[in-house]
Amino acid sequence: MKRKLIAAIGVAGMLMSVAACGSDDKASSQDPKDRKEDLTVWLMGEAQTTWPELVKDVNSEFNKKYPNVKVKVQYQGWADKVKKLDTSLGGDKFPDVVELGNTETMQYILNGALGEIDLKKHENSDTWIKGLKDTCSFEGKVYCVPYYASARLAVYNKDMLKAGTGSDELPQTEDEFLKAMDQVSTELGKKDKRASSLYFPGRYWYAAMSYVAAEGGQIATYDDGKKEWKASLSTPEAQKGISHYVDLVKKYNKADQTKDEQDHANVMANEKAAVIYGQAWEAGSVTTGDNGNPKLEGKIATAGMPGPNGKALPSFIGGSDLATISKSKVQDLGEEWISLFTNAKSMDVLASKNILPNNEKQLEPLKAKPETAAIANAVPDAWFTPIAPGWASVEKEEILKNMLLEIIKGSSVADATKKADEKIDALINKKA
């Protein structure tokens, strides 16, 4: 099954023979000073804007060993990276190393685009955050290296919270939190009937699935006996989590409840939301960038999102991975560059910028640091999507978004989850 699923995921231009085109023993046995190849590395824009010195230092360290290898770092944007990568892999000009969001990795593992990783070459591999390592693993082999982690948390306007509750500290239990949201709703309603205390978009499936996880549910489970995945949104646990989320949407979202989360930071920037559930970097985008509101500088804070049953809301574990391209002729150089870029020294640089490192050991101090405590503590108990072949398809988001929309519009949770399970079953067990 492993490498015969290219048709199932629909990535154009991929060839099953790419794995046979990597670097050979002759190249890896050369004297490092005699290597004169180019190494093309695709990184996302965050590396260029937030830790450019790390890129520079790693390239310098790499060139001490390989003085005649030219490292070409090319920065990409999330909006068009996948399209560009798919196009390049169908031709003869492609990166040797690529950064992938951890939800993107599986499709490239399955179509044979990524080279296998040797764990012995990576000093942190024994303490990699499990949720990230899982996104790189398939059938006992590893095809990418965790780069950094992220998780979702509460992003809130301190002034709005204080106006409603008298305090700018977010409550830590859900009962207290929802009481605070009621108070904030009342206060906001005096001035703006369209402003939301808790802005949960109806089609925000990441948030909805966090409530599923909080109740002990899952999107799908793996039957080891049958060797297949089974959708499980129709279970009582999952339905309870979905119902709870939809109830919150209907009660607190005073705007368009049929939207997704793509612009929720902008909603907060426009002072139409007191609390959103987003990634840590979105707190910054509320006040900066093209759509940011600089008047809110110093007024936006983050905290762990309270969840049901007296616990924090489990977060989806986000982040990025780094991989070599299997048909690259310099895979060995690519993996060595990745090793330098993700070692303990490099992770210290990310941690110093409040970016969560790829391993549990270096994550630990960030759990006590005020600026990172909320997000760092959300990582160990975070959830991830099914590590199932068909889940790599883009269809899965629409299935979940449409399920939520149907419930928002009046369908029963039982009917909507049953329909979603049927579609998910067909998707995750799809064969080429």
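None of the values given here were measured: they were computed from a predicted structure.

### Some thoughts on the confidence of the model for the protein chain
Per-residue pLDDT for the protein chain has a mean of 90; in total, 93% of the residues score no lower than 70. Predicted confidence is poor over residues 1-24, with pLDDT under 50, and the contacts of this stretch with residues over four places away or in other chains come to 69 contacts.

### A short note on the nonpolar core
One recurring pattern in soluble globular proteins: nonpolar side chains tend to sit buried together. Counting residues in each nonpolar core, the largest one holds 58 residues, and the members touching the most others are Phe-200, Met-209, Ile-242, Val-275 and Met-403. Considering every element that reaches this core, the biggest residue donor is helix H10 (residues 205-214), with eight residues. In this view, Met-403 contacts Met-209, Leu-233, Ile-242, Ala-416, Thr-417 and Ala-420; residues no more than four positions away in its chain are not counted. Residues Phe-94, Val-98, Cys-144 and Leu-322 belong to the second largest nonpolar core, which totals 47 residues.

### Section: unusual backbone geometry
One non-glycine residue, Glu-139, lies in the positive phi region at around 50°. Mapped onto the elements, Glu-139 comes out in the loop between strand S4 (137-138) and strand S5 (141-142). Residue class for Glu-139 comes out partly exposed when judged on its relative accessible area of 48%. We note that Asn-354 has phi near 65°; this positive angle belongs to a residue other than glycine.

### Considering the environment of Gln-172
Note that Gln-172 resides in the loop between helix H8 (158-165) and helix H9 (174-189). For Gln-172, a relative accessible area of 70% puts it in the exposed group. When the C-alpha positions of Gln-172 and Pro-306 are compared, they lie 5.6 Å apart, and in sequence the two are 134 residues distant.

### A short note on the layout of surface pockets
Approximately 740 Å³ is the volume attributed to the second largest pocket. Taken together, 34 residues make up the lining of the second largest pocket; nearest its centre are Trp-229, Phe-384, Thr-385, Pro-386 and Ile-387. Put simply, the parts of the chain that give the lining of the second largest pocket at least two residues each are helix H7 (130-135), H10, strand S8 (220-223) and strand S9 (228-231). Here the lining of the second largest pocket is composed, by residue class, of 20 nonpolar, six polar and eight charged.

### Considering the side chain of Asp-332
Structurally, Asp-332 can be placed in helix H14 (residues 331-341). What makes Asp-332 buried here is its relative accessible area of 15%.

### Quick word on the pairing of S9
Only one face of S9 is buried: it carries Trp-229 and Ala-231, and the other face, with Glu-228 and Lys-230, is open. Here S8 runs beside S9; their pairing, made up of four bridges, is antiparallel. Bridging across to S9, Thr-221 finds its partner in Lys-230. Linking S8 back to S9 in an antiparallel pair, the connection comprises four residues, with Lys-227 at a positive phi of about 55°.

### Points about the pattern of salt bridges
For the coordinates displayed, the defined rule picks out 21 salt bridges. As a salt-bridge pair, Glu-53 and Lys-353 come within 3.0 Å of each other at their nearest N and O atoms. Placement of the pair is Glu-53 in helix H4 (residues 52-65) and Lys-353 in the loop between helix H15 (344-352) and helix H16 (360-363), with a sequence separation of 300 residues. The exposure class of Glu-53 is partly exposed, given its relative accessible area of 32%. As a salt-bridge pair, Lys-81 and Glu-104 come within 3.1 Å of each other at their nearest N and O atoms. Separated by 23 residues along the polypeptide, Lys-81 in helix H5 (residues 81-89) and Glu-104 in the loop between strand S3 (97-101) and helix H6 (105-110) bring together distant segments of the chain. The pair formed by Lys-81 and Glu-104 is uniform in burial state, with each residue classed as buried. If you follow the salt bridges from partner to partner, you end up with Arg-35, Glu-37 and Asp-332 in one network.

The rules behind the values
- Going along each chain's sequence as written, the residues are numbered from 1 onward.
- It should be noted that, the model being predicted, local features are given only for residues of pLDDT at least 70 and side-chain atom pairs only at 80 or more, the latter also being counted only at that level, while totals for whole chains, interfaces and linings use all residues.
- Remark: hydrogens and water are excluded; side-chain values derive from all non-hydrogen atoms of the structure.
- Per-residue confidence from the prediction method is given by pLDDT, with values spanning 0 to 100.
- The criterion used for residue contact is that any of the two residues' heavy atoms lie within 4.5 Å.
- Residues belong to a common nonpolar core when they are buried Ala, Val, Leu, Ile, Met, Phe, Trp, Tyr or Cys residues joined through side-chain atoms within 4.5 Å.
- Here's how the labels work: a residue is buried when its accessible area is under 20% of the maximum for its type, exposed when over 50%, partly exposed in between, all with a 1.4 Å probe on protein chains only.
- Numbering of helices and strands runs from the N terminus, with a helix taken as a DSSP run of H or I at least four residues long and a strand as a DSSP run of E at least two residues long.
- Cavities and pockets are found on a 1 Å grid laid over the protein atoms alone: a cavity is a set of points where a 1.4 Å probe fits but cannot escape, a pocket is an open set with protein on both sides within 12 Å along at least five of seven lines, and a lining residue has an atom within 4 Å of such a point.
- Grid points are joined across faces, edges and corners, and a volume is the space filled by probe spheres set on the points.
- For this classification, the nonpolar set comprises Ala, Val, Leu, Ile, Met, Phe, Trp, Tyr, Cys and Pro, the charged set comprises Asp, Glu, Lys and Arg, and every other residue, Gly included, is treated as polar.
- Strands were regarded as paired on the criterion that DSSP finds at least two bridges between them.
- What makes a salt bridge here is a side-chain nitrogen of Lys or Arg within 4 Å of a carboxyl oxygen of Asp or Glu, nothing more.

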